[in-house]
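# Residue-level structure breakdown
This is what each chain is made of:
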Amino acid sequence: AQSVTQLDSQVPVFEEAPVELRCNYSSSVSVYLFWYVQYPNQGLQLLLKYLSGSTLVKGINGFEAEFNKSQTSFHLRKPSVHISDTAEYFCAVTPPTSGTYKYIFGTGTRLKVLA
Amino acid sequence: DTAVSQTPKYLVTQMGNDKSIKCEQNLGHDTMYWYKQDSKKFLKIMFSYNNKELIINETVPNRFSPKSPDKAHLNLHINSLELGDSAVYFCASSQDRHNEQFFGPGTRLTVL
């Protein structure tokens, strides 16, 4: 079985400052990892995903994430945030093959960018 | 072109009523989902269909019944609505069960 933990429910940060949103997962098998963003009053949309290969994954809007197998983490980073990055961010995990299927979302981290 | 659409966007109704939410995707995906998002933004999967076959049926009251007439549509019918059903309901689709999901804009259900 898989699980995913987003350690911070809220992260306030000033505009143009760097930010890191943390995501840790638990799984007995290999996993695919995803970050989604939800802007106010909208559905979720994919920011980036890790399926295999390079552990540093670049996504849209200047975000990137690094897969760390030893620490079972997939933290999301941006070197300089904008007001428009204010949103809810969700980490998700799923096994790459069938079997006990579970697509698990974390509880979300609210990023609040301050002027 | 909207990839995943839901109707209605807002739904306000009285306790005890029956209502339906419709979802359509034009991405040619095989898998569709219904999620419930509460006021704290917690996202809970309710159902998933793959090629019109129910593959995930989480612990949801049997007042909730999904229906998939074809691969492109997954509707959600709710009987005897309760106050606790108030939430935002999201439909999503994906090419397969292990890939990225595409979400609709959500339906905000308010039960009075």
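Rules and cut-offs
Residues numbered from 1 in each chain as written. Chains lettered and ligands numbered in written order. Predicted model: local features only at pLDDT ≥ 70, side-chain atom pairs only at ≥ 80, totals over all residues. Heavy atoms only, no water. Helix = DSSP H or I, 4+ residues; strand = E, 2+ residues; numbered from the N terminus. 1 Å grid on protein atoms, 1.4 Å probe; cavity = no way out; pocket = protein on both sides within 12 Å on 5 of 7 lines; lining within 4 Å. Points joined across faces, edges and corners; volume = space filled by probe spheres on them. Nonpolar A, V, L, I, M, F, W, Y, C, P; charged D, E, K, R; others polar.

Cis geometry is adopted by the peptide bond preceding B:Pro8, which originates at B:Thr7 and carries an omega value of -5°. One can find B:Pro8 in the loop between β1 (4–7) and β2 (10–13). One non-glycine residue, A:Glu16, adopts positive backbone phi at about 75°. With respect to the helices, strands and loops of the structure, A:Glu16 is situated in the loop between β2 (10–14) and β3 (19–21).

To continue, consider the layout of surface pockets. The probe, sized like a water molecule, is rolled over the atoms to show the empty space still left. The computed volume of the largest pocket comes to approximately 250 Å³. Along its surface, the largest pocket is lined by 17 residues, and A:Asn41, B:Gln37, B:Lys41, B:Val88 and B:Arg108 are the ones closest to its centre. Put simply, the parts of the chain that give the lining of the largest pocket at least two residues each are β9 (87–94) and β11 (107–111) of chain B. Counting residues per element, the lining of the largest pocket draws most heavily on β9(B), at 3 residues. Each residue belonging to the lining of the largest pocket can be placed in one class, and the counts come to 5 nonpolar, 8 polar and 4 charged. For the second largest pocket, the calculated volume is near 210 Å³. Taken together, A:Lys102, A:Tyr103, A:Ile104, A:Phe105, B:Tyr35, B:Phe42, B:Leu43, B:Lys44, B:Ile45, B:Ile56 and B:Glu58 form the lining of the second largest pocket. Contributions of two or more residues to the lining of the second largest pocket are made by β11 (104–105) of chain A together with β5 (43–50) of chain B.

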